[in-house]
Amino acid sequence: MAIKTKQKVKKKTNWYALDNAAKIYPPTVTKERAHVFAFSAILTEEVDSYLLRESLSKILLNFPTFRTKLMRGKFWYYLEENDAPVKVFKEQPYYLKHIDYEKNNGYLFEVLYIGNKVTIKFFHALTDGTGGLNFFKALLVEYLAMTGKPVDSDGLIKPIDAPASTFETEDSFLAYHNNSGEKAGKIPKPYHISGTPFEYDGCGLVTIKVSISAIKQMAAKYNSTVTVFLAALYSKSVYNAFLKGRAAKNQIVSVLIPCNLRKKYGGETQRNFTMFSRFTYDYSKGELSDENLNKLCANQMAEGLDIGKLDKIIDDNVKTEQNFFIKIAPLFLKDIIMKAVYAKVGEVLQTVDFSNVGLVKLPECLNGFVKDVTFAITPTYSCNHQTGVIGYNDNLYITFARGFVETDIEKYFIRALTSVGASVTVYSNYWESKL
């Protein structure tokens, strides 16, 4: 009788469709448009790269959608489970450039270290700022625990051995969309900054460290939130730096402001669930007082984040994705369509990007081992000045990233804060001339 040999059973591979917001990123990514954002932490001790990699391997078990690689299907891009070992890399001067996925074993995030600094950057098709921040915090907690620090998560960080729920992996755009809502008005094409390009491959980074209490006091003067106050100041700084006293035909400054939809709809997805509001003002109509600029910004943000308008935008986006003719179109055709759509309704509709991810809450026992935390967004040739804001302890960290030499926006912004008595610490990557 013939003996049956045991055949090796191939492991079933898990995969995830890209969430509704993520679909635009793979076809539009280029060397000049990396769609990358990054979180960094300055620790009190030099980073142990071996323990950092071990920590990364461990927390990945609790983030299934991060344990993936991007695949190109016949009709859509998708995320496929990635069993390749993770790597960590020595940080290079231009750390915000696009991720080398081949070098990185296909992972859509990259972990870097240098001295006492840890950085993790993400491709936006994988997650948004909130999801990325959750992963970043988990990495810090696990790494510090591995170095022997007394870790008590205080309920702020989910235990590493706790399984991910379906809510964490869901596409919340599909879960929360409905047929109601009011259509938003047409968005005018704004002014785009044209500065002197660097003579090398890189971007200029300037980080401002200022007391959150001080910023709240300034914002309270105009009955504004921190985000409204800073977005209005950003708009005015762009005007002062590039438009004031000049005969520019287009003087519309548009500040794109991402909003975490989890605060509006709920959910705990680790994937993209962000929508955008815009603060737009045409300075050819004349300068506004700081008070009126703040009022206008607050009103426009409230209007842009009206739940009815958000419902309509989400519903339109989901319906487009589910359209029969779109679904059956081959991926190469979808790529062409999405590139054309992005050219009309993507970065071209904003002058600058201003993203505030809020306050980083680490277990109190670890605060003494993490000195500073920053958040940065890679500038692109279409939106060449982008700003990331993050809070840690009583400090606010505002990081300007730009693709040109001039630092006038940063100068006006800093002077506006210091002129009313705020104490500001300025860091730079020294790619540019001193402020």
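Up top you'll find the structure we're talking about.
As a starting point, this report considers the structure included with it. Fair warning: this is a prediction, and the values are worked out from it, not measured in the lab.

## Quick look at the overall build of the chain
Argument step 1. When its secondary structure is counted, the chain shows 13 helices and 15 strands.
Argument step 2. A globule of 435 residues ought to have a C-alpha radius of gyration of about 22 Å, and the chain, at 22 Å, matches this closely.
Argument step 3. Dimensions along the principal axes, computed over C-alpha positions, put the chain at roughly 95 × 55 × 45 Å.
Argument step 4. Summing over all exposed atoms, the chain offers an accessible surface of approximately 20,700 Å²; the carbon and sulfur share of this is 53%.
Argument step 5. Positive and negative side-chain charges in the chain, numbering 54 and 45 respectively, have mean positions lying 4 Å apart.

## Overview of the nonpolar core
Taken as a class, soluble globular proteins show a tendency for nonpolar side chains to be buried jointly.
Argument step 1. Of all hydrophobic cores here, the largest spans 54 residues; its most connected members are Phe39, Leu52, Phe109, Phe122 and Phe135.
Argument step 2. Elements with a contribution of two residues or more to this core: β2 (36-43), α2 (49-60), β4 (77-81), β6 (109-114), β7 (117-123), α3 (129-146), β12 (370-377) and β13 (385-392).
Argument step 3. Per-element tally for this core: the top contributor is α3, with nine residues.
Argument step 4. Residues within four places of phenylalanine 122 in sequence aside, it is in contact with His35, Val36, Phe37, Phe39, Phe66, Ile99, Leu108, Phe109, Thr127, Gly132 and Phe135.

## Considering the pairing of β7
Argument step 1. Most of β7 is tucked away: seven of the seven residues are buried.
Argument step 2. Here β7 shows two buried faces, one formed by Lys117, Thr119, Lys121 and Phe123 and the other by Val118, Ile120 and Phe122.
Argument step 3. The sheet contact formed by β2 and β7 spans seven bridges and is antiparallel. The residue bridging serine 40 from the neighbouring strand is threonine 119, located in β7.
Argument step 4. Here six bridges tie β6 to β7, and the two strands are oriented antiparallel to one another. In the strand pairing of β7, glutamate 110 is matched with lysine 121.
Argument step 5. Hairpin geometry of β6 and β7 is characterised by an intervening segment of two residues between the two adjacent antiparallel strands and by a positive phi of about 60° at glycine 115.

## Thoughts on the environment of valine 206
Argument step 1. The residue valine 206 is located in strand β8 (residues 204-211) in this model.
Argument step 2. Valine 206 gets classed as buried once you look at its relative accessible area, which sits at 0%.
Argument step 3. Sequence separation between valine 206 and tyrosine 101 is 105 residues; the distance between their C-alpha atoms is 27 Å.

## Things to note about the pattern of salt bridges
Argument step 1. Throughout the structure, instances matching the rule amount to 17 salt bridges.
Argument step 2. Across the pair lysine 149 and glutamate 45 runs a salt bridge whose closest N-O atoms are separated by 3.1 Å. Pair noted here: lysine 149 is in the loop between α3 and α4 (166-169) and glutamate 45 is in the loop between β2 and α2, with a separation of 104 residues, a long-range link.
Argument step 3. Relative accessible area serves as the criterion here: at 12%, lysine 149 is assigned to the buried category.
Argument step 4. Residue aspartate 315 pairs with lysine 319 through a salt bridge whose shortest N-O separation is 3.1 Å. Taken together, the residues aspartate 315 and lysine 319, both in helix α10 (residues 307-322) and four residues apart, mark about one turn of the helix.
Argument step 5. Looking at aspartate 315, the relative accessible area reads 1%, which means it is buried.

## What about the sheet that holds strand β10 (residues 274-282)?
Argument step 1. Across the sheet, which stays open at both edges, the seven strands sit in the order β10-β9-β11-β13-β14-β8-β15 with mixed pairing between neighbours. In the strand order of this sheet, the two ends are held by β10 and β15 (424-428), each with one partner. With direction set aside, neighbouring strand axes in the sheet form an average angle of 20°.
Argument step 2. Relative to strand β14 (residues 395-402), β8 runs antiparallel, the two sharing eight bridges. Looking across to β14, one finds that valine 210 is bridged to leucine 396.
Argument step 3. Contacts from α3 reach β9 (252-260), β11 (352-360) and β13 within the one sheet, and its direction differs from that of β11 by about 40°.
Argument step 4. Against the sheet, helix α6 (residues 212-220) makes contact with β8, β11, β13 and β14, and its axis sits at roughly 80° relative to β8, the strand it touches most.

## A closer look at unusual backbone geometry
Argument step 1. You will see that asparagine 105, though not glycine, has its phi angle at about 60°, which is positive.
Argument step 2. Checked against the element boundaries, asparagine 105 lands in the loop between β5 (88-90) and β6.
Argument step 3. One non-glycine residue, asparagine 223, lies in positive phi territory at about 55°.
Argument step 4. Within the secondary structure layout, asparagine 223 lies in the loop between α6 and α7 (226-242).
Argument step 5. We classify asparagine 223 as exposed; its relative accessible area is 75%.

## A closer look at the side chain of serine 277
Argument step 1. Mapped onto the elements, serine 277 comes out in strand β10.
Argument step 2. What makes serine 277 buried here is its relative accessible area of 2%.

Conventions and cut-offs
Residues numbered from 1 in each chain as written. Predicted model: local features only at pLDDT ≥ 70, side-chain atom pairs only at ≥ 80, totals over all residues. Heavy atoms only, no water. Helix = DSSP H or I, 4+ residues; strand = E, 2+ residues; numbered from the N terminus. Rg over C-alpha atoms; globule rule 2.2 N^0.38 Å. Areas by Shrake-Rupley, 256 points an atom, 1.4 Å probe, with all protein chains shown as cover. Lys, Arg positive; Asp, Glu negative; His and termini not counted. Charge placed at Lys NZ, Arg CZ, Asp CG, Glu CD. Core = buried A, V, L, I, M, F, W, Y, C linked by side-chain atoms within 4.5 Å. Buried < 20%, exposed > 50% of the residue type's maximum accessible area, 1.4 Å probe, protein only. Contact = heavy atoms within 4.5 Å. Pairing = 2+ DSSP bridges. Salt bridge = Lys/Arg side-chain N within 4 Å of Asp/Glu carboxyl O. Axes fitted to C-alpha atoms, helices over the stretch in contact; angles between N-to-C directions.

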